[in-house]
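Take a look at the letters that make up each chain.
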Amino acid sequence: MRYFLDTEYNGFGGALLSLALVPEDGGEEFYVTLDCDAELDPWVERHVVPFLDMVPEGLVSPRVSRRDAAQMLAQWLAHDEAPDIVADWPEDLAQLSMLLVTGPGMMVPVPPLSLHFVPLHGFSTAANSTVPHNALHDARALRDHVMGLER
């Protein structure tokens, strides 16, 4: 199955704040928000943090640790024997990959993943999102755009 990815993080190279995966078939979505102990980047504090919980009722959850987020992601991906993850920004793929790492030489168990970077010059997920700078809504906008290009 193909999944469309978006993340929000605390400024350039900063800590992961939220991650969303949206399946191409419209099935169950994954959304998680993480604890952040670091001082927030002012832009992120204004444009991202207020919108972290603007998701459907069943997907709102308390902020979790990185380890818990990694375990939740692994459990969610376990049903698919070969997930194909699509992102339009390289940092999204980096954030997802680093979330899988739980310690020195350790990672959560996931099936073999394909990671696809699809540069979409001139397209902005935030500009086309119902709730800009919310990972879930941005991932949905990415899915809709990519699938629209394929029709």
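All values derive from a computational prediction rather than experimental measurement.

**Quick word on the packing of helix H2 (residues 66–77) against helix H3 (residues 90–100)**
Point 1. It is the contact of H2 with H3, at a shortest axis distance of 8 Å, that shows an interaxial angle of 100°. One finds that H2 runs roughly perpendicular with respect to H3. Counting all contacts with H2, which are made through Arg66, Ala69, Ala70 and Leu73, the residues of H3 involved are Leu96, Met98, Leu99 and Leu100.
Point 2. The residue inventory of the contact of H2 with H3, partitioned by class, reads seven nonpolar, no polar and one charged.

**Structural notes on the pattern of salt bridges**
Where charged atoms from two side chains of opposite charge approach closely, those side chains can pair.
Point 1. Across all of its chains, the model carries five salt bridges by this definition.
Point 2. Across the pair Arg2 and Glu24 runs a salt bridge whose closest N-O atoms are separated by 3.1 Å. With Arg2 in strand E1 (residues 2–9) and Glu24 in the loop between strand E2 (16–23) and strand E3 (30–33), this residue pair connects regions lying 22 residues apart in the sequence.
Point 3. Classification of Arg2 by relative accessible area gives buried; the value is 15%.
Point 4. For Glu24, a relative accessible area of 28% corresponds to the partly exposed category.
Point 5. The salt bridge involving Asp144 is made with Arg143; its shortest N-O contact spans 3.1 Å.
Point 6. The class of Asp144 is partly exposed, set by a relative accessible area of 45%.
Point 7. For Arg143, a relative accessible area of 14% corresponds to the buried category.

**Points about the side chain of Asp92**
Point 1. With respect to the helices and strands, the residue Asp92 is situated in helix H3.
Point 2. Of the side chains with opposite charge, Arg66 comes closest to the buried, unpaired Asp92, at an N-O distance of 12 Å.
Point 3. Polar contacts involving the side chain of Asp92 include one to the side chain of Thr7, which spans 2.6 Å.
Point 4. The contacts of Asp92, once residues within four sequence positions are left out, are Leu5, Asp6, Thr7, Tyr9 and Ala87.

**Some words on the environment of Ser129**
Point 1. Note that Ser129 resides in the loop between strand E7 (114–117) and helix H4 (135–150).
Point 2. The sequence separation of Ser129 and Ala141 amounts to 12 residues, and the corresponding C-alpha distance is 5.3 Å.
Point 3. Sequence-distant contacts of Ser129, defined by excluding residues within four places in its chain, comprise His137, Asp138 and Ala141.

**Considering the environment of Gln95**
Point 1. For Gln95, the location among the structural elements is in helix H3.
Point 2. Take Gln95: its relative accessible area is 7%, and that puts it in the buried class.
Point 3. When the C-alpha positions of Gln95 and Asn134 are compared, they lie 15 Å apart, and in sequence the two are 39 residues distant.
Point 4. Other than its neighbours up to four places away in sequence, Gln95 contacts Thr7, Tyr9, Gly14 and Leu16.

**What about the pairing of E3?**
Point 1. Here E3 shows two buried faces, one formed by Phe30 and Val32 and the other by Tyr31 and Thr33.
Point 2. Across four bridges, E2 lies against E3 in antiparallel orientation. Opposite Leu21, over in E3, you have Phe30 as the bridge partner.
Point 3. Linking two consecutive strands that pair antiparallel, namely E2 and E3, is a turn of six residues; a positive phi of about 80° is found at Gly26 within it.

The rules behind each value
- Residues numbered from 1 in each chain as written.
- Predicted model: local features only at pLDDT ≥ 70, side-chain atom pairs only at ≥ 80, totals over all residues.
- Heavy atoms only, no water.
- Axes fitted to C-alpha atoms, helices over the stretch in contact; angles between N-to-C directions.
- Helix = DSSP H or I, 4+ residues; strand = E, 2+ residues; numbered from the N terminus.
- Parallel < 35°, antiparallel > 145°, perpendicular 65-115°, else oblique.
- Contact = heavy atoms within 4.5 Å.
- Nonpolar A, V, L, I, M, F, W, Y, C, P; charged D, E, K, R; others polar.
- Salt bridge = Lys/Arg side-chain N within 4 Å of Asp/Glu carboxyl O.
- Buried < 20%, exposed > 50% of the residue type's maximum accessible area, 1.4 Å probe, protein only.
- Lys, Arg positive; Asp, Glu negative; His and termini not counted.
- Polar contact = N/O pair within 3.5 Å; in protein donor to acceptor, adjacent residues only side chain to side chain.
- Pairing = 2+ DSSP bridges.

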